[in-house]
Amino acid sequence: MAHAEIGSQESRSVDRNGAEPQPGMARELGWYASFSVAFGFVSIATGIFTTYGSVLATSGPRGIWAWPISVIGQLSIALVFGALAARIPIGGYSSQWVSRIVGPVWGWIMGWISFAFLGVVVVAVDYTIASTILPELFQYAGTTQNAWVITAGVVLLQALLVAASTRTTHRVNNAAVTAQLIGMIALTVLLFAVGFFTDKLDFAHLFETGPVPEHGYYGLGGGTHAGPFALAFLLGAFTIVGFESAANLAEETKDPARVIPKAMVQAVLSLGVLGFLFLLAITAAAGRIGSAAQSATPVATVITAVLGSVVGKILLVLVVISIFSCGLVITLSGTRLVYAMSRDERFPGWRLLKRIHPRTATPLNATVFMMAIAQIILAVFSRSADALFQLFSAATLLPAVIYAGTVAMYAVKRRSLPPSRGFSLGRWEVPVLILATVWLVYELLIFRDASFRGPWVYVLVLCGIGAVYLAVFIARRGRAALTMPDMADIDRVLDGTAESAEAGAEGTAR
């Protein structure tokens, strides 16, 4: 199979049957754009605004102390992914890595699970805007119906931006990430400062628990129930995911083997520190705001109560921008995954979905497809009374499965991988792998809890659909249709970096 030679001077791809070459995507992203993709996907504003209420309800304020542990666990995964991205800088990340190292069938399964994750997480992110932020910002009663309509509109707008121009998408995202950095830092500092001078901070509140069940507060619990503190890990596990989206844009990034690992690790570290400081501020303030515990939007309630309605609303606008940016990056990453799998001629409807639009130089059909999938998922989940919890739970379970499969593959095959061109774990490789493995096993055990039945159903249904397609695909075309190119195409991608930057710019202008 002939891969898209995104490093050629023509910046064009040729399909396996020698059909008319298609325009390729330009290699024009630098470090800040790569960092912004990782940072924007993770988006602490999105994760905390989405899950903080559930943590208070199940774990109490003490649940925030699970955050730094989650950061360390997710950082170990980011380091493993960085080591892989430095060796195989190809769009499609886990799906491409597993295909080349373990086998194309396993790679296809990993790609399909990644597709299922990106489809649900963009809905979870955008639903947060409609259900938790806008009602507080504009003081109206949020309902399932208006949350559905608003989320559908946001999903459509993000798809339009991604389809119109990759360069415009990154400009919007870069500006939004900058606004998020400034806004979250300002918000955290103001909460500490104003809360201190107005005596609205209660640091003893940081260590209070919710109701403690019979099976204990800290354990994983027995049967189908996890302990309250274990459930609090979902705050960090849901928030600090998607950093690998930077690797999904490897073929559009300059010097990807060096830039992408650095961007992913720096995004996780910066988000981890800033997110924990924000959690400390918001939780300490919530202790003396009686309405916070009963609020459906406790973070927004605390911000308004401490900083006043005017300043609170300004900062909430910045949060909306941050969350919109997160959804934009997810949409971008999802379309690139669909495009990469279609380019390999193994995704449903690949003949249409692998096309690059000649005017916009974007995978237009893949973008429309990803938007349609998100709308279907929204329609299914929004029927639930606890739609937001179900969405973020599914969007936490799926990346845990992806990360576990990828880390296991790296642990088994690390000695046979291509040499690194820019990032290596060195002597820390084994300790990092052990840490990542322990963290992922613990995280997956949490999902034994009965409250995650809905997300498991979503995972099983999507995997069932994928299994049926894969079986039909192999029956019609044989396993030979799943063969992958050898590692030589990686060298072409890396060696063509300098030339493709110029050629890509010319292709975009055309």
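In the block above lies the structure referred to throughout.
Source: prediction; values computed, not measured.

### Considerations on the packing of aromatic side chains
Per the stated rule, a full pass over the model turns up 24 aromatic pairs. Ring centres of W31 and F35 lie 5.2 Å apart, and the angle between their planes is 20°; this geometry places the pair in the stacked category. Separated by 4 residues within a single helix, W31 and F35 lie in helix α1 (residues 31-42), roughly one turn from each other. Seen from their ring centres, F81 and W97 are 5.4 Å apart, and the 75° between their planes marks the pair as edge-to-face.

### Re the pattern of salt bridges
Within the structure shown, the criterion is met by 3 salt bridges. A salt bridge links R288 to D199, with the shortest nitrogen-to-oxygen separation between them at 2.8 Å. Residue R288 is found in the loop between α10 (256-286) and α11 (298-307), and its partner D199 is found in the loop between α7 (166-197) and α8 (228-239); the two are separated by 89 residues along the sequence. Its relative accessible area of 42% is what places R288 among the partly exposed residues. For D199, a relative accessible area of 55% puts it in the exposed group. Measuring nitrogen to oxygen at the nearest pair gives 2.9 Å for the salt bridge that ties E429 to R414.

### A closer look at the packing of helix α15 (residues 387-413) against helix α17 (residues 453-477)
Where α15 meets α17, the axes come as close as 8 Å, and the angle between the chain directions of the two elements is 55°. The angle between the axes of α15 and α17 places the two elements in the oblique class. For the element pair α15 and α17, the recorded crossing hand is right-handed. On α17, the residues that touch Q390, S393, A394, L397 and L398 of α15 are G454, P455, W456, Y458 and V459.

### A few points about a nonpolar patch on the surface
On the surface, a nonpolar cluster with roughly 330 Å² of combined accessible area is contributed by L190, V310, V311 and I314. No other element matches helix α12 (residues 309-343), which puts 3 residues into the nonpolar patch. Positionally, L190 belongs in helix α7. Taking the relative accessible area as the measure of exposure, L190 reaches 32% and is therefore partly exposed.

### Quick notes on α15
Given a rise of 1.5 Å per residue, 27 residues ought to cover 39 Å, and the 39 Å separating the end C-alpha atoms of α15 matches this to within 8%. In terms of burial, α15 is a largely internal element, 19 of the 27 residues being buried.

### So, the layout of surface pockets
By volume, the largest pocket is sized at about 790 Å³. Lining the largest pocket are 38 residues, and of these T132, S295, A296, T297 and P298 lie nearest its centre. Mapped onto the lining of the largest pocket, the elements with two or more residues apiece are α2 (44-58), α5 (104-138), α6 (144-164), α11 and α15. Among the residues forming the lining of the largest pocket, the class breakdown is 22 nonpolar, 14 polar and 2 charged.

### Considerations on the nonpolar core
Nonpolar side chains in soluble globular proteins generally cluster together in the buried interior. One finds F243 and Y458 to be the most contacted residues of the largest nonpolar core, which totals 162 residues. Broken down by element, the residue count for this core peaks at 21 residues, all from α5. Not counting the four nearest positions on each side in its chain, Y458 is found in contact with A116, V120, I377, F381, A394 and L398.

### A word on α10
A rise of 1.5 Å per residue sets the reference length of α10, with its 31 residues, at 45 Å; its end C-alpha atoms lie 43 Å apart and thus fit the reference within 8%. Counting buried positions over the 31 residues of α10 gives 24, a clear majority of the element.

### Things to note about unusual backbone geometry
Not every positive phi belongs to a glycine, and D199 is a case in point at roughly 55°. You will see that D255, though not glycine, has its phi angle at about 50°, which is positive. Examined against the element boundaries, D255 turns out to sit in the loop between α9 (245-248) and α10.

### A look at the packing of α6 against α12
One can describe the packing of α6 onto α12 by two numbers: an axis separation of 9 Å at closest approach and a directional angle of 60°. When the axis of α6 is compared with that of α12, the two are oblique. Seen from above, α6 lies across α12 with right-handed handedness. Contacts from V154, L157, Q158, A159, L161 and V162 in α6 reach F324, G327, L328, T331, L332, T335 and R336 in α12. For the contact of α6 with α12, the class distribution of residues is 8 nonpolar, 4 polar and 1 charged.

### Examining the side chain of Q390
Among the structural elements, Q390 can be located in helix α15. Residue Q390 is classed as buried on the basis of its relative accessible area of 11%. Setting aside its immediate chain neighbours within four residues, Q390 contacts F381, S384, S451, G454 and P455.

### A word on the environment of R258
Residue position: R258 is located in helix α10. The class of R258 is partly exposed, set by a relative accessible area of 48%. Taking the C-alpha atoms as reference points, R258 and G82, 176 residues apart in sequence, are found 9.1 Å from one another. Contact partners of R258, with chain neighbours within four places excluded, come to R421 and G422.

Parameters at a glance
- Residues numbered from 1 in each chain as written.
- Predicted model: local features only at pLDDT ≥ 70, side-chain atom pairs only at ≥ 80, totals over all residues.
- Heavy atoms only, no water.
- Phe/Tyr/Trp six-rings, centres within 6.5 Å; stacked < 30°, edge-to-face > 60°.
- Helix = DSSP H or I, 4+ residues; strand = E, 2+ residues; numbered from the N terminus.
- Salt bridge = Lys/Arg side-chain N within 4 Å of Asp/Glu carboxyl O.
- Buried < 20%, exposed > 50% of the residue type's maximum accessible area, 1.4 Å probe, protein only.
- Axes fitted to C-alpha atoms, helices over the stretch in contact; angles between N-to-C directions.
- Parallel < 35°, antiparallel > 145°, perpendicular 65-115°, else oblique.
- Left-handed = near helix turned anticlockwise from the far one by under 90°.
- Contact = heavy atoms within 4.5 Å.
- Patch = residues over 30% accessible without salt bridge, like charges linked within 9 Å, V, L, I, M, F, W, Y side chains within 5 Å.
- Areas by Shrake-Rupley, 256 points an atom, 1.4 Å probe, with all protein chains shown as cover.
- Expected span 1.5 Å × (residues − 1).
- 1 Å grid on protein atoms, 1.4 Å probe; cavity = no way out; pocket = protein on both sides within 12 Å on 5 of 7 lines; lining within 4 Å.
- Points joined across faces, edges and corners; volume = space filled by probe spheres on them.
- Nonpolar A, V, L, I, M, F, W, Y, C, P; charged D, E, K, R; others polar.
- Core = buried A, V, L, I, M, F, W, Y, C linked by side-chain atoms within 4.5 Å.

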